[in-house]
Protein chains: 4
Amino acid sequence: MTIRVTVWNENVHETHNKIVGDLYPDGIHGAIADALNKADGIAATTATLQEPEHGVTQERLDNTDVLIWWGHAAHGDVDDAVVARVTEAVWSGMGFIALHSAHFAKPFKRLMGSACNLTWREAGERERLWVTSRNHPIAAGLPDHFELENEEMYGEPFGVPEPLETVFISWFQGGEVFRSGLTYKRGAGNVFYFRPGHETYPTYFDSNVQRVIENAVRWAHNPAMRDPAPTDAPNVPVEQALEPIEARGPSLHADGEEGFK
Amino acid sequence: MTIRVTVWNENVHETHNKIVGDLYPDGIHGAIADALNKADGIAATTATLQEPEHGVTQERLDNTDVLIWWGHAAHGDVDDAVVARVTEAVWSGMGFIALHSAHFAKPFKRLMGSACNLTWREAGERERLWVTSRNHPIAAGLPDHFELENEEMYGEPFGVPEPLETVFISWFQGGEVFRSGLTYKRGAGNVFYFRPGHETYPTYFDSNVQRVIENAVRWAHNPAMRDPAPTDAPNVPVEQALEPIEARGPSLHADGEEGFK
Amino acid sequence: MTIRVTVWNENVHETHNKIVGDLYPDGIHGAIADALNKADGIAATTATLQEPEHGVTQERLDNTDVLIWWGHAAHGDVDDAVVARVTEAVWSGMGFIALHSAHFAKPFKRLMGSACNLTWREAGERERLWVTSRNHPIAAGLPDHFELENEEMYGEPFGVPEPLETVFISWFQGGEVFRSGLTYKRGAGNVFYFRPGHETYPTYFDSNVQRVIENAVRWAHNPAMRDPAPTDAPNVPVEQALEPIEARGPSLHADGEEGFK
Amino acid sequence: MTIRVTVWNENVHETHNKIVGDLYPDGIHGAIADALNKADGIAATTATLQEPEHGVTQERLDNTDVLIWWGHAAHGDVDDAVVARVTEAVWSGMGFIALHSAHFAKPFKRLMGSACNLTWREAGERERLWVTSRNHPIAAGLPDHFELENEEMYGEPFGVPEPLETVFISWFQGGEVFRSGLTYKRGAGNVFYFRPGHETYPTYFDSNVQRVIENAVRWAHNPAMRDPAPTDAPNVPVEQALEPIEARGPSLHADGEEGFK
């Protein structure tokens, strides 16, 4: 079974900043999709902010197993209707991977329920990522640690909920640490946050980073049929109760009536 | 130190439905606040949907240690600006307790990042709550289980993230189960969901239920000074790095510049 | 890749009690292995208490991807050296599934670090298991709930640590609830506890139960190479530090010396 | 209510190594107890390996609210009966704080159910601890980070289960990171691991370290009455079932008979 990945990018720095444009001539989305398409059993396409509906129509989401999200300068330009659509797709079972500055992306903040804030410094310093969960599938094939010679620093405290699992923690040359790989589940959807990927460095061409993203795609992919109604709260009528009961006491709702939302 | 509690209620059923109005002549909010005000070291007041800004101005939140929320018929009428204000107050350290049908309240859904859906049946059936975390502070003084002879049924799957701790699980006469007491942390704020409390039953006069709510208030209260900037993502300039580093490589931001949000 | 499963059973009731012997003529281990061997990509064999080293030599564990454990009457007869060997194999990456009364099995208690106690009643009452984690791989292909008409009751509080995920919760006819499907990770090994399976009922012939066990085997299987030294605490000599440092201050150990255990 | 703390130390380095003896003339246990006894509402005493029953008789544990444990060279000398006694006391509600090299102490390993291994280097390098859980009670009164100029390095992966909460993560000068403050619950008992405290450095005289230990004592203290039977698995006879049921099907146990352990 092929895993269908959509790599979403706001695609702003690439088109407005010569450094980023030269580094990622096909965009960050293009670089990530290219790497994924070399992996067995993964078919990656891209979508960007500038496309109609930001390229993520309902039909597109229905045919996406894992959505990867990169954003930074234009978080505020992402339409709230698209954010709601993405969020519901996750609840229905679509995997979601937020990269780097997508910690402040609307869909990620919505899925976390928290501020997702942190400290930061853009100094091209050394980052070293340590695996903290032995043999975790997202760390498959990686050494105990790997380095990125030039990266932006993100520092704790990171304003996210306690994760299911902490997979990576970063050491920074300037003295900070950061939980760089975190897993969550929201509804039927698996969610992974991965820290590296500042736009002025060639991070997404790094083989270890590519390995993590490929692993994360396989981990986030839920082969179960998508939940067709991930927000429904169905009434169970008294006469269909699994154990025989009789209605007692005062009621607000007529039997079988739809609830409030 | 007195814990300052605000009990928020949409206060709709009480004023529109005779059964509920007769049962809770001071409103559900009034019944809960009355019970809390009998406890040592707790001072509870109330706020309702109908008040200006729904009674939860910024000043009110600044002076609230724990906010209790009950809503059902009018979730959609809660102003989004108020929801954002409440959510930020939680991130800054205010405790938040969502009761019963507040599983679908906007602030709770926003804090969870998930659909918060469930199944339900209004049949006045028996509910029995089991303590699943031995000696948890929220279960202090309670027996291993307690019963509510007439309650609405809520059934699994409950569309919430894995909690920090599961404190109660309910058994229902009609054959369902439900995770009825769940703890979370969002930013600096403690969050508790507690299931019982259908408006047509005298649940909030039950002494065990009152005990749980009082315990939850004490548990959710964070005595630390509120975080004044719970969404800030401060830049750490290179020259203030804790370990001496020099900026290297290309940069997007000028040193000390504010980041994107 | 075939997943190699060893189904371990104390095999005492089957040989000492006519009811159990008639119900499981090939033993509970035989029934479980038979069902697994009908699944694609799984090869199950069995081991019992009565075999030398209880059938779980180091070589056997080295060639087991997932170990399933059933015990009840003879927990105390399991050799502590075998328990230590099983525990280390889990830490190195072997999956472990504890069934029913194995809540009190030595390896499970050792992996949990807790008492693993509960309440119980043997009355052949109805149990209904509810899925609490939507689309969890261990619930793949299952309906929202399924029933076992005759089962032993296990009741909360269940003396286990908070799990990574709660996959099933049981409703019992006599009024109790129980967290019946719980996931954990210990070292590199995935651990699953599954409640049903009292020896006097045909539970392991139930197709839903068989489905859960098959799913759990696939979930628990970690395809990564087994950690060859899961208890090692290696010294990192100063001259091999990833960042250049010089030893400072007083030392207890000579450089490169092995640590205390 | 005064919190009764017992500070346990193997007390070996202090008596065998001049550097450690000079640094901690009253032992590490003495230094920690002295600091705690300056705090309001805490009464700390000490116990050491060399005392009869290592100073932790059942009576002592019955009168200890929080047990702090330091060990390194003599883990193997701790009697298994004492380990079982300590573990059961935790399950019954006693708080337990493991310090530094107690990651390999028998009671801690028993409570974790995992190998608790790590990498290490004794070079007197700089450690910087970052708070990762905003306003956590164990971080009360601390800045966002604090430094220890000379410490032993502990590196990831740390072989412990996913914690309830990660409170501190350490940065090391030589390039490693470590989860330095982790919370757990085992039975009714709260457990905290705190990393710093190598015996050749004056770590336990550091005011931030003392603050963490005092905070952890308050957090770990469970004011509920101790569970008198933390390993019991009581039978619930059919005629005492909360819902009326009749025994059906074959049984292994006579009604009310004690279960297997």
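Rules of the game
Residues numbered from 1 in each chain as written. Chains lettered and ligands numbered in written order. Predicted model: local features only at pLDDT ≥ 70, side-chain atom pairs only at ≥ 80, totals over all residues. Heavy atoms only, no water. Helix = DSSP H or I, 4+ residues; strand = E, 2+ residues; numbered from the N terminus. Buried < 20%, exposed > 50% of the residue type's maximum accessible area, 1.4 Å probe, protein only. Contact = heavy atoms within 4.5 Å. UniProt positions renumbered as here; feature names shortened; annotations may be inferred. Expected span 1.5 Å × (residues − 1). Polar contact = N/O pair within 3.5 Å; in protein donor to acceptor, adjacent residues only side chain to side chain. Axes fitted to C-alpha atoms, helices over the stretch in contact; angles between N-to-C directions. Parallel < 35°, antiparallel > 145°, perpendicular 65-115°, else oblique. Nonpolar A, V, L, I, M, F, W, Y, C, P; charged D, E, K, R; others polar. Pairing = 2+ DSSP bridges. Phe/Tyr/Trp six-rings, centres within 6.5 Å; stacked < 30°, edge-to-face > 60°. Lys NZ or Arg CZ within 6 Å of the ring centre and 35° of its normal. Least-squares fit on C-alpha atoms with pLDDT ≥ 70 in both. Buried area = accessible area lost by both parts, 1.4 Å probe. Salt bridge = Lys/Arg side-chain N within 4 Å of Asp/Glu carboxyl O.

Peer 1: I'd like to hear about the side chain of H13(C), residue by residue, with values.
Peer 2: By the secondary structure assignment, H13(C) is in helix α1 (residues 13–16). Under the relative-accessibility criterion, H13(C) is labelled buried at 5%. With near-sequence residues (within four places) excluded, H13(C) lies in contact with V20(C), G21(C), W70(C), H72(C), A73(C), E199(C), L252(D) and F260(D).

Peer 1: If you had to explain the UniProt feature "domain: ThuA-like" (unreviewed entry) in chain A to someone new, which residues and values would you point to?
Peer 2: The feature "domain: ThuA-like" (unreviewed entry), as given by UniProt, occupies residues 4–220 of chain A in the numbering adopted here. The annotated region residues 4–220 of chain A carries 28% helix and 33% strand content, and the separation between its end C-alpha atoms amounts to 11 Å.

Peer 1: Go over helix α7 (residues 207–220) of chain A with me, naming the residues and quoting the values.
Peer 2: Residue and element names in this part refer to chain A. Its 14 residues give α7 an end-to-end C-alpha distance of 20 Å, which sits within 8% of 20 Å, the value for a rise of 1.5 Å per residue. The complete set of buried residues in α7 reads V209, V212, I213, N215, A216, V217, W219 and A220. By the N-cap criterion, in which a side-chain oxygen at the helix start approaches the backbone nitrogen of a residue two or three places on, α7 is capped by D206, the distance to N208 being 2.9 Å.

Peer 1: Can you explain the packing of helix α3 (residues 27–37) of chain C against helix α7 (residues 207–220) of chain C? Please cite residues and give values.
Peer 2: Packed helices, taken two at a time, are described by the angle between their axes plus the distance between the axes. Residues and elements named next belong to chain C. At their nearest, the axes of α3 and α7 sit 10 Å apart, and the two run at 70 degrees to each other. One finds that α3 runs roughly perpendicular with respect to α7. Side by side, α3 and α7 meet where I32, A35 and L36 of the first sit next to Q210, I213, E214 and V217 of the second. Grouping the constituent residues of the contact of α3 with α7 by class yields 5 nonpolar, 1 polar and 1 charged.

Peer 1: A description of the sheet that holds strand β7 (residues 165–172) of chain B should follow, citing residues and the corresponding values.
Peer 2: All names here are of chain B. Reading across the sheet, the 9 strands line up as β2-β1-β3-β4-β9-β8-β7-β5-β6 and stay open at both edges, with mixed pairing between neighbours. The outermost strands of the open sheet, each flanked by one partner alone, are β2 (42–48) and β6 (145–155). Across the sheet, the mean angle from the axis of one strand to that of its neighbour is 25 degrees, orientation sign disregarded. Pairing of β7 with strand β8 (residues 177–186), which is carried by 6 bridges, proceeds in the antiparallel orientation. In the strand pairing of β8, F168 is matched with G181. Contacts from helix α5 (residues 80–92) reach β3 (66–70), β4 (95–99), β8 and β9 (189–194) within the one sheet, and its direction differs from that of β9 by about 115 degrees. Along the sheet, helix α7 (residues 207–220) contacts β1 (3–9), β2, β3, β4, β6, β7, β8 and β9; its crossing angle with β9, the most-contacted strand, is approximately 165 degrees.

Peer 1: Could you give an account of the packing of aromatic side chains, with specific residues and numbers?
Peer 2: Counted according to the given criterion, the structure contains 50 aromatic pairs over all chains. On the basis of an interplanar angle of 55 degrees and a centroid distance of 5.2 Å, the ring pair of F158(C) and Y193(C) is categorised as tilted. Taken as a pair, F158(C) in the loop between β6 (145–155) and β7 (165–172) and Y193(C) in strand β9 (residues 189–194) lie far apart in primary sequence, 35 residues in all. Residue F158(C) is classed as buried on the basis of its relative accessible area of 2%. We classify Y193(C) as buried; its relative accessible area is 0%. Taken together, the ring pairs connect F108(A), Y154(A), F158(A), F178(A) and Y193(A) into an aromatic cluster. For R195(A), the ring lying beneath its charged end belongs to Y154(A), and the centroid distance is 4.9 Å.

Peer 1: Outline the relation of the copies chain A and chain B, supporting the account with residue identities and numerical values.
Peer 2: Superposing chain A onto chain B requires a rotation of 180 degrees together with a translation of 0.0 Å along the rotation axis, leaving an RMSD of 0.0 Å. Here the symmetry operator amounts to a two-fold rotation axis. Among all C-alpha atoms of chain A, that of G113(A) lies closest to the rotation axis, at 2.3 Å. When the interface residues of chain A are mapped onto chain B, 100% of them are again interface residues, pointing to one common binding face.

Peer 1: Can you break down the relation of the copies chain D and chain C residue by residue, with the values?
Peer 2: When chain D is brought onto chain C, the operation consists of a screw motion whose angular component is 180 degrees and whose axial shift is 0.0 Å, with 0.0 Å RMSD remaining. Take the interface residues of chain D: 100% of them recur as interface residues in chain C, which is what a same-surface contact looks like.

Peer 1: Outline the interface of chain D and chain C, listing residues and values.
Peer 2: The interface of chain D with chain C comprises 68 residues on the first partner and 68 residues on the second. In total, about 5,300 Å² of surface goes out of reach between chain D and chain C, with carbon and sulfur atoms giving 58% of it. The three residues of chain D that bury the most area against chain C are W120(D), R248(D) and L252(D), which together make up 15% of that side's buried surface. At the boundary of chain D and chain C, one finds 2 salt bridges.

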